[in-house]
Amino acid sequence: MESKDQTGEKEADRIDKEEYFSYLLDTYERLVYSICFKMTGNQFDAEDLTQETFLSIYKNLATFEQEYEKAWVCRIATNKGLDFLKSAKRRSEPKEDTYFEELKDQKASPEEAYLQQESKEYVYTICQSLKSPYKEVATEHFYREKTAKEIASETDKGIKTVQTQIYRAKAMIRKIIEGRAIR
Amino acid sequence: MTEGKDGIVRQEDGRCHITKEQFCDWLAGEMPPDKEAEFLEHVGNCTFCAHQFAGWMEAPPDLPVSQTKTVQEISMNQTGLLNPPRYLKEEIMQRRQRTGVQMSVQVREKSRQMRLFMYSLKVGMAVMTSIFLLLLTADVQNLQPQTVREWRTDQMQQKQEADGQEEWVSIADTLNQKSGEISGFLCDISNGLFRMGLDETE
C-alpha cells in the first residue's frame, strides 16, 4: 500500500510536470508552429502537427533532458514534420496515366499557388467553400481564431455541437487541400 | 568536431552538421526534395544541429531579397517566428487531458518503473549467484577424497615422529583453512544482509 508521503510526492511530481509543460508550451509554441507551417505549407496541417508535437512532448516528459529542451522540442517537431511529408508524399504519389499531366500542371504557377496557400485569405477562401453550418463555424474558428467556447456562447449552440462541427469542417478542409495538391 | 576549409562543421565520425547556407536554402524552399529529407532527418537526430536550427528559426540569418518568396516567409524572416492561432494553446491543453493521452503517460511511467524493477532484479540475481558460487567453492575445498586425507594424516604423523616436536602443516592445508575462514566470514555477512532486507520488508 502507498503511504501518504509517496502519494504526496507523486502529486507534487505531477504538478511540477504540468507546470513545466505549460512553460514549454508558452515558450516554444511559436517555434514549433513555425517549423510545422514551413514543413506543411498550410495552417490546418501546421495546427495538427503542432498539437501532435506537444502531445508527444507531454507523453515523454519523464525522460526529458531539461538541459537541451529547445533542441529536444525542435527535434520532435522536425520528426513529426518528416513523418507528415512522407505520408503526404505517399498520398500524392502520381498514377502512371496522370503523371505527365500532373507535371505540366505543377509547372503552371507554383509561386501563385504558394502565395495563395500561405496567405490568410487562403484560409478564408477554403472556409467559404464549405456548406452551411460548417462554413460559418470554420470561418469563425480558423479565420477569426475564436475558440469553440466563444463560438458556442455567441451562437447559443452547445459546446459539443460546435466542437463536432469544427472537427467535421476540418476533415472537409483536409479533403479539399489534398484534392488541390493532387490536381 | 572540426571545421573544414569548406566551412562545413564535421563530427568525429565524418558526418556533417548543417550549415547556415543549407538552412537558408531550406527556408527559401530552394532545396531539392531528397536533400531536404536528408537535411531534416539530420536535424531530427542531432541535438547540436537541432539547437542551431531552432536558433536560426528564431532569428533567421539574412537572406538575399530574391530568396524570400512568399508573404508568410517574408514576415517570418522579419519577425523570426509565426504567430499560431489563438485557440491552439487551449486545444493542446484540452487534448492533453484526454483519457488516451493520460493513459499513455501512465503506461510510459509504469514501464519506466518496471525497467527499474527489472534492473534491480538482475543486480540482485547477480549478487545471489556470486554468493552461491562462493559458498559452493568453499564446500568443494572441503570435499577432498577420503584416501587423500588419510594419506596426509599418515604423512603428518610420520613427519611428527621424525621431527619429534613441531606440528607440520602443508601450504595447501593453510590455504584451505584460510579460505574456509574467509568464506565463512562472507557467508555471515551475506546472511546479515539478507536478515536486514527481510527486516526492512516486514
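Because the structure is a prediction, the values reported are computed rather than measured. Sequence order as written defines residue numbering, which begins from 1 separately in each chain. Whichever chain is written first becomes A and whichever ligand is written first becomes 1, with later ones labelled in order. Residues qualify for local features only when their pLDDT is at least 70, as the model is predicted, and side-chain atom pairs are given and counted only at 80 or more; totals for whole chains, interfaces and linings, by contrast, use all residues.

Some thoughts on the overall build of chain A
In step 1: Runs of H or I in DSSP of at least four residues are treated as helices and runs of E of at least two as strands, each being numbered from the N terminus. The helix and strand tally for chain A stands at nine helices and zero strands.
In step 2: Exposure is read from a count of other C-beta atoms within 10 Å of each residue's own; the residue is exposed at 12 or fewer, buried at 20 or more and partly exposed in between. C-beta atoms are placed from the backbone. Counting all 183 residues of chain A, 29% fall into the buried class.
In step 3: Two residues form a contact once the distance between their C-beta atoms, set from the backbone, is within 7 Å. Pairs at least 24 residues apart make up 57% of the contacts formed inside chain A by residues separated by at least 6 positions.

A few points about the overall build of chain B
In step 1: Scanning chain B from terminus to terminus reveals eight helices and two strands.
In step 2: Mapped in sequence order, the helices and strands of chain B form the string β-β-α-α-α-α-α-α-α-α.
In step 3: By the burial criterion, 13% of the 202 residues in chain B qualify as buried.
In step 4: For chain B, the proportion of contacts with a sequence separation of at least 24, taken over those separated by at least 6, is 49%.

A few points about unusual backbone geometry
All names here are of chain A.
In step 1: Residue Ser132 is joined to Pro133 through a cis peptide bond whose omega torsion reads 5°.
In step 2: The phi dihedral of Glu145 falls on the positive side, at around 60°, and the residue is not glycine.
In step 3: Within the element layout of this structure, Glu145 appears in the loop between helix H7 (134–143) and helix H8 (148–155).
In step 4: Taking the C-beta count within 10 Å as the criterion, Glu145 has 15 such neighbours and is therefore assigned partly exposed.
In step 5: Unlike most non-glycine residues, Asp156 shows phi in positive territory, near 55°.
In step 6: Mapped onto the fold, Asp156 is located in the loop between H8 and helix H9 (159–182).
In step 7: For Asp156, a count of 6 C-beta atoms within 10 Å translates into the label exposed.

Some words on H7(A)
Count 3.6 residues to each turn of an α-helix, and residues three or four apart come out pointing the same way.
In step 1: Within the sequence span of H7(A), burial applies to Val137(A), Ala138(A), Glu140(A), His141(A) and Phe142(A).
In step 2: Backbone geometry just after H7(A) places Glu145(A) at a positive phi near 60°.

Quick word on the interface of chain A and chain B
By a widely used convention, the size of an interface equals the accessible area lost when the partners come together.
In step 1: Contact with chain A, which involves 34 residues of that partner, is made by 36 residues of chain B.
In step 2: Mapped by element, the contributors of at least two residues to the side of chain A that touches chain B are helix H1 (4–40), helix H2 (43–59), helix H3 (69–91) and helix H5 (110–118) of chain A.
In step 3: Here the side of chain A that touches chain B is composed, by residue class, of 15 nonpolar, nine polar and ten charged. The residue classification treats Ala, Val, Leu, Ile, Met, Phe, Trp, Tyr, Cys and Pro as nonpolar and Asp, Glu, Lys and Arg as charged. All others, Gly included, are polar.

As for the packing of H2(A) against helix H5 (residues 88–96) of chain B
In step 1: Helix axes are fitted only over the stretch in contact, all axes being lines through C-alpha atoms; the angle between N-to-C directions runs from 0 to 180 degrees. Between H2(A) and H5(B), whose axes approach to 10 Å, the crossing angle comes to 45°. Here H2(A) lies oblique to H5(B), going by the angle between them. Handedness of the crossing formed by H2(A) with H5(B): right-handed. Contacts between H2(A) and H5(B) involve Glu47(A), Thr50(A), Gln51(A), Phe54(A), Leu55(A) and Tyr58(A) from the former and Leu88(B), Glu91(B), Ile92(B), Arg95(B) and Arg96(B) from the latter.
In step 2: When the residues that make up the contact of H2(A) with H5(B) are grouped by side-chain class, the tally is five nonpolar, two polar and four charged. An angle counts as roughly parallel when it lies under 35 degrees, as roughly antiparallel when it exceeds 145, as roughly perpendicular when it falls between 65 and 115, and as oblique in every other case. Note on convention: the crossing is left-handed when the near helix lies turned anticlockwise from the far helix by less than a right angle, right-handed when the turn is clockwise.

Topic: the packing of helix H6 (residues 120–128) of chain A against H7(A)
Packed helices, taken two at a time, are described by the angle their axes make and the gap between the axes.
Residues and elements named next belong to chain A.
In step 1: Between H6 and H7, the shortest axis-to-axis distance is 8 Å and the interhelical angle comes to 165°. Accordingly, the angle class assigned to the pair H6 and H7 is roughly antiparallel. The interaxial crossing formed by H6 with H7 has right-handed handedness. Counting all contacts with H6, which are made through Val123, Tyr124, Cys127 and Gln128, the residues of H7 involved are Lys135, Ala138, Thr139, Phe142 and Tyr143.

A closer look at the nonpolar core
In step 1: Think of a nonpolar core as buried Ala, Val, Leu, Ile, Met, Phe, Trp, Tyr and Cys residues, each tied to the set through C-beta atoms within 7 Å. In terms of nonpolar packing, the biggest core is built from 39 residues, with Val32(A), Ile35(A), Cys36(A), Val73(A), Cys74(A) and Phe53(B) touching the most fellow members.
In step 2: Contributions of two or more residues to this core are made by H1, H2 and H3 of chain A together with helix H1 (20–27), helix H2 (33–45), helix H3 (47–58) and H5 of chain B.
In step 3: Setting aside its immediate chain neighbours within four residues, Val73(A) contacts Leu24(A), Tyr28(A), Val32(A) and Ile57(A).
In step 4: If you look at the next biggest cluster of nonpolar residues, it comprises twelve residues, including Ile126(A), Ala148(A), Ala169(A) and Ile173(A).

Examining the confidence of the model for chain B
Note: predicted coordinates in regions of low pLDDT should not be interpreted at a detailed level.
Residue and element names in this part refer to chain B.
In step 1: A score from 0 to 100, pLDDT tells how confident the predictor is in each residue. The predicted model of chain B averages 75 in pLDDT, with 72% of residues at 70 or higher.
In step 2: In the model, residues 2–8 has pLDDT below 50 throughout and makes six contacts with residues more than four positions away in sequence or in other chains.
In step 3: Long-range and interchain partners of residues 65–71, a stretch whose pLDDT sits below 50, account for 18 contacts in this model, where long-range means more than four residues apart.
In step 4: Both scores are given for the predicted complex: the pTM is 0.62, the ipTM 0.71.

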